[in-house]
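Structural characterization, general
What follows is each chain in one-letter form.
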Amino acid sequence: MIAFIGESLVDLISSDGENFTKRIGGSPLNIARNLNQFNIKTVVISRVGNDFFGKEIIQTLEGENIKTNYIQVGSGNTSTVIVFASKGTPDFIPYRDEDMNLEIPNLDFEKFEFIHLSCWAITNGIEKIKHILTKTKIAFDPNCRKKIFPCKKINLDFVYEVLKNTFIVKPSLDDAREIFGPLPRTRYIELLHDFGIKYVILTMGEEGALVSDGKKIEHIKIPAKKVVDTTGAGDAFWSGIYYGLLNNFSIFKAALFGTIISLHVIGEVGGVVKLKDISEYLEEVERYENSVL
């Protein structure tokens, strides 16, 4: 079982700035919804507003048989993000409200196989989450941008504190640049391993991903057949990683599985789409592995 801690919000996605498609989102929520399609148990710890967006998020999850016990409802508004869909990394404008008031419930976090932590959850500080960082394996999504911090500047002290306790991290190339500045790609991987992180995966859009276990680096790259919206690519990738690790895949095979799922998701609009039967993805993994032998 995996605990997801971070933002639940509404994405308003547009490719022209005039017409918008509404999708419920937030990276932790997207990953949990993907994994639910693979029958993997999750707990979502998040916060929404007492408004129609917040009610829609809760109703959607209940309709998918995902427990909403730990989705808090505040008196403010559900956070909303304007997303500009593109074939590259999508730009966004965040309007944050109740997600910033998230409280960590009194749970036995040691019973979880992973705690997935979004950068959004630490923008106000790490005191609320500090006590859980040593409870089990921390998977950190360093989706940090200046615009999501109250001071409009990434608080590196918060980020570094989490990285020191992280088991697996998956930054995009843009994430790594935001945190460390412009550097050679393998240098990002070295810096992250220096924190004591076991697995580092650097995703690079259409250039694929660099996957490292601290001993070797593999480059996984599969050309996309169709790119419509990259909004949920990273979340789909995370979903494959989790499925793989929970099923005793190597980190390299887990990342390959994540790549294949993300290629499916970017062919449609929105962060979460109807996934295929797991057997179809596993067959694709096998075909790829056989092709490179």
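Read on for a plain summary of the structure. (Residues numbered from 1 in each chain as written. Predicted model: local features only at pLDDT ≥ 70, side-chain atom pairs only at ≥ 80, totals over all residues. Heavy atoms only, no water.)

Moving on, we get to the pattern of salt bridges. One pass over the structure, following the stated rule, counts twelve salt bridges. We note a salt bridge from Glu207 to Arg185, for which the minimum N-O separation is 2.8 Å. Placement of Glu207 in the loop between strand S11 (199–203) and strand S12 (209–212) and of Arg185 in helix H5 (residues 185–194) is noted, with a sequence separation of 22 residues between them. Classification of Glu207 as partly exposed rests on a relative accessible area of 34%. (Salt bridge = Lys/Arg side-chain N within 4 Å of Asp/Glu carboxyl O. Helix = DSSP H or I, 4+ residues; strand = E, 2+ residues; numbered from the N terminus. Buried < 20%, exposed > 50% of the residue type's maximum accessible area, 1.4 Å probe, protein only.)

This part covers the environment of Phe140. When you line up the elements, Phe140 lands in strand S9 (residues 137–141). A sequence separation of 111 residues divides Phe140 from Ile251, and the C-alpha atoms of the two residues are 15 Å apart. Excluding residues within four positions of it along the chain, Phe140 makes contact with Leu117, Ser118, Cys119, Ile122, Val159, Val162, Leu163, Thr166, Ile168, Val169, Lys170 and Trp238. (Contact = heavy atoms within 4.5 Å.)

Turning to the packing of aromatic side chains, a few remarks are in order. Inspection of every chain in the model, using the stated rule, returns 17 aromatic pairs. Between Phe257 and Tyr281, the aromatic rings sit 6.3 Å apart at their centres with planes inclined by 80°, giving edge-to-face as the arrangement. Highlighted residues: Phe257 in helix H7 (residues 251–265) and Tyr281 in helix H8 (residues 278–292), separated in sequence by 24 residues. Of the residues examined, Phe257 reaches a relative accessible area of 0% and is grouped as buried. Here a set of aromatic residues connected by ring pairs shows up, and it is made of Phe4, Phe114, Phe167, Tyr199, Trp238 and Tyr242. A cation sits over an aromatic face here: Lys137 above Phe167, 4.9 Å from the ring centre. In this structure, Lys170 packs its charged tip against the face of Phe237, placed 5.8 Å from the ring centre. (Phe/Tyr/Trp six-rings, centres within 6.5 Å; stacked < 30°, edge-to-face > 60°. Lys NZ or Arg CZ within 6 Å of the ring centre and 35° of its normal.)

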